[in-house]
Amino acid sequence: MATTTYTVTGMTCGHCVSSVKQEIGKIDGVTSVDVDLASGRVRVDSAGELADSEVAAAVDEAGYALSA
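Okay, so let's go over this structure. (Residues numbered from 1 in each chain as written. Predicted model: local features only at pLDDT ≥ 70, side-chain atom pairs only at ≥ 80, totals over all residues. Heavy atoms only, no water.)

Before going further, it helps to spend a moment on the overall build of the protein chain. Along the backbone of the protein chain there are two helices and four strands. When the helices and strands of the protein chain are read in sequence order from the N terminus, they spell out β-α-β-β-α-β. Projecting the C-alpha coordinates of the protein chain onto the three principal axes gives extents of approximately 30 × 20 × 20 Å. Counting every position in the protein chain, which comprises 68 residues, the buried fraction comes to 37%. Of all intrachain contacts in the protein chain linking residues separated by at least 6 positions in sequence, the fraction that spans at least 24 positions is 59%. Looking at charge distribution, the protein chain has the averaged site of its 4 positive side-chain charges lying 7 Å from that of its 10 negative ones. (Helix = DSSP H or I, 4+ residues; strand = E, 2+ residues; numbered from the N terminus. Buried < 20%, exposed > 50% of the residue type's maximum accessible area, 1.4 Å probe, protein only. Contact = heavy atoms within 4.5 Å. Lys, Arg positive; Asp, Glu negative; His and termini not counted. Charge placed at Lys NZ, Arg CZ, Asp CG, Glu CD.)

Taken as a whole, this structure holds zero disulfides when the rule is applied. Between Cys 13, a free cysteine, and Cys 16, which holds the nearest cysteine sulfur, the sulfur-to-sulfur gap is 3.4 Å. On the basis of relative accessible area, Cys 13 is assigned to the partly exposed category, the value being 31%. According to the relative accessible area criterion, Cys 16 is buried, its value standing at 4%. (Disulfide = S-S within 2.5 Å.)

Take the sheet that holds strand E1 (residues 2-9) next. In a beta sheet, neighbouring strands are held together by backbone hydrogen bonds and run either parallel or antiparallel to one another. Spatially, the four strands line up as an open sheet ordered E2-E3-E1-E4, and their pairing is antiparallel. Edge positions in the sheet fall to strand E2 (30-36) and strand E4 (65-66), since each of these pairs with one other strand and no more. As defined by bridge partners, E2 adjoins strand E3 (residues 41-46) across six bridges and the pair is classed as antiparallel. Within the sheet, the bridge partner assigned to Asp 36 lies in E3 and is Arg 41. Seen against the sheet, helix H1 (residues 14-25) touches E1, E2 and E3 and runs at an angle of roughly 160 degrees to E2. (Pairing = 2+ DSSP bridges. Axes fitted to C-alpha atoms, helices over the stretch in contact; angles between N-to-C directions.)

Quick look at the pattern of salt bridges now. If you walk through the whole model with that rule in mind, you get two salt bridges. Of the charged contacts in the structure, one is a salt bridge between Lys 26 and Glu 23, with a shortest N-O distance of 3.3 Å. Linking Arg 43 and Asp 45 is a salt bridge whose minimum nitrogen-to-oxygen distance equals 3.5 Å. Residue Arg 43 is classed as partly exposed on the basis of its relative accessible area of 37%. (Salt bridge = Lys/Arg side-chain N within 4 Å of Asp/Glu carboxyl O.)

What follows is the structure, encoded as structure tokens:
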């Protein structure tokens, strides 16, 4: 089990949160996604380590970006 925290930029509402959760949740091995709108922090629990590029692609698909 692995837990990783990311920062996502551009989220402004509950719909943004739902979109990010949905797209990251599609990644194989992801068991839960918790998004804090105020801070932009996204905590991802997964069965194993995830490639940052895979998470970045999911966030991009939702219409947002990972903060560097």
